[in-house]
Structures are given as structure tokens and as C-alpha cells.
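Each chain is listed here by its residues.
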Amino acid sequence: SQTIHQWPATLVQPVGSPLSLECTVEGTSNPNLYWYRQAAGRGLQLLFYSVGIGQISSEVPQNLSASRPQDRQFILSSKKLLLSDSGFYLCAWRPPRAEAFFGQGTRLTVV
Amino acid sequence: DAKTTQPPSMDCAEGRAANLPCNHSTISGNEYVYWYRQIHSQGPQYIIHGLKNNETNEMASLIITEDRKSSTLILPHATLRDTAVYYCIVRVEAGSARQLTFGSGTQLTVLP
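Residues numbered from 1 in each chain as written. Chains lettered and ligands numbered in written order. Predicted model: local features only at pLDDT ≥ 70, side-chain atom pairs only at ≥ 80, totals over all residues. Heavy atoms only, no water.

Let us now look at the overall build of chain A. Along the backbone of chain A there are zero helices and eleven strands. Listing each helix as α and each strand as β along chain A from the N terminus yields β-β-β-β-β-β-β-β-β-β-β. In chain A, which comprises 111 residues, the share counted as buried stands at 50%. For chain A, long-range pairs separated by at least 24 residues make up 52% of all intrachain contacts whose partners lie at least 6 apart in sequence. (Helix = DSSP H or I, 4+ residues; strand = E, 2+ residues; numbered from the N terminus. Buried < 20%, exposed > 50% of the residue type's maximum accessible area, 1.4 Å probe, protein only. Contact = heavy atoms within 4.5 Å.)

Attention shifts here to the state of the cysteines. This model, assessed by the stated rule, comprises two disulfides over all chains. Disulfide pairing places Cys23 of chain A opposite Cys91 of chain A at an S-S distance of 1.9 Å. Negative torsions about the S-S bond denote left-handed disulfides, and the value of about -75° found for Cys23 of chain A with Cys91 of chain A makes this one left-handed. With Cys23 of chain A in strand S3 (residues 19–26) and Cys91 of chain A in strand S9 (residues 87–94), the pair connects residues that are 68 residues apart, well separated along the chain. Each of the two residues, Cys23 of chain A as well as Cys91 of chain A, counts as buried. One disulfide bridge connects Cys22 of chain B with Cys88 of chain B, the sulfur atoms lying 2.1 Å from each other. Where Cys22 of chain B bonds to Cys88 of chain B through sulfur, the torsion about that S-S bond is close to -80°, and the disulfide is left-handed. Of the two residues, Cys22 of chain B is situated in strand S2 (residues 18–23) and Cys88 of chain B in strand S8 (residues 84–92); the sequence distance between them amounts to 66 residues. Free cysteine: Cys12 of chain B, not disulfide-bonded; nearest cysteine sulfur from Cys22 of chain B at 18 Å. Among the residues examined, Cys12 of chain B registers a relative accessible area of 8% and is labelled buried. (Disulfide = S-S within 2.5 Å.)

This is how it looks when you write it as C-alpha cells:
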């Protein structure tokens, strides 16, 4: 069966520090992968999506970047975190012609 | 992508049916209506989707109007664990990777 793993669950980082959030999918190949951010009390904002290895599309300009070094691995990064980067980050994947599956999310607090 | 509008919040008594509306007046003929929910501090969970016929599964029922401009998600017997934000989105079933956008959703609070 297909599963999606996202870690860590919570993270507290100082301003200016780097960030690396990892997401992996099991049980499928060549999935469409997504990174979302959710600010408190607001809906999901699509940050990046990827249709294959090395293929990244950015939805909004920001302090973050994404990479897909392997077929089932999607990484969200930042070189220097800002206070405004705090939020709930979600990784998702969607098989063709099917609903999306989400990871459990990472609560990032930048202090 | 067709946009959706939902009320920001709703309350429902435990054991009663919860009816969550969604307007999607600009929906295209090949776009489906999808519903997800997000319990606090967890990832969203798929509930149900449909094109034009009413749909039912173990979680909920989806009623789509004949003109497809609106729909209602029905939780027949709401429980406290159904308290969550419910998202209505529209997209083609086999659409591009980009077509997965969420709005603000409806915060459903089930009251004891």
C-alpha cells in the first residue's frame, strides 16, 4: 500500500538558521508531489509541486526552495529562515486520477 | 481552476446531520467536486468526490445540484471527532499536477 512520511513533526529554529524538511512516499513510482504551507487560521497555500526527479515548479516567490533528488523524495529547504516562515508545512502526493494523500505535517516555529 | 466559496464556520449538535455547503458557480464540465477535511494539527484527509451524480461512502454523502453550481457535504450523524476544517475544491480528475488548491474551508464544530 502507498504511504507518505514527513518529518520532523515539530521544529523550532532561530531566525537565520537553515531548514530542511523531508518527505518520502512508499508504494508508488513517479508520483506528483506537493509542498503546502498553512498559516494559523488560514487555508493551504501551495508552495511547490513536482512531476518528476529534478522537476520543481514554484507557485509563489518566497524564502524557500524545493528539490527532488529521488523519485519518491521531496525536500523543502531554506538557507536562512525568517520569522514569517513559521507555519504548518504539509507534503502531499497524488496518484493519477485519484485523490491526494497528505503527510502529518511539520509545525515550524521560527524564533 | 474554478474557485469555491464556503461559509467560514458552522456548528452542529452531536448526533445530528451536518450539512456543509459549497458554491462553485464557475465549474467546468469536466471538473469534479472534491471534499477534504483537516483535523487540527494533522494533514488533510480525503472524504469524497463526484462529478454530477450524488455520491455516498462510509464517511459522508455528496449532493451536487443539477446545474453543478453548488454542492453539499452531508455527515449523517456528526460526532465530536468530526470537528475539523472542511475544504471543497474543484478540479479535473486527471488534471495537471498544479490543480490541487485549497481555499479557507469551513470550520465545523460539533457540540456535545
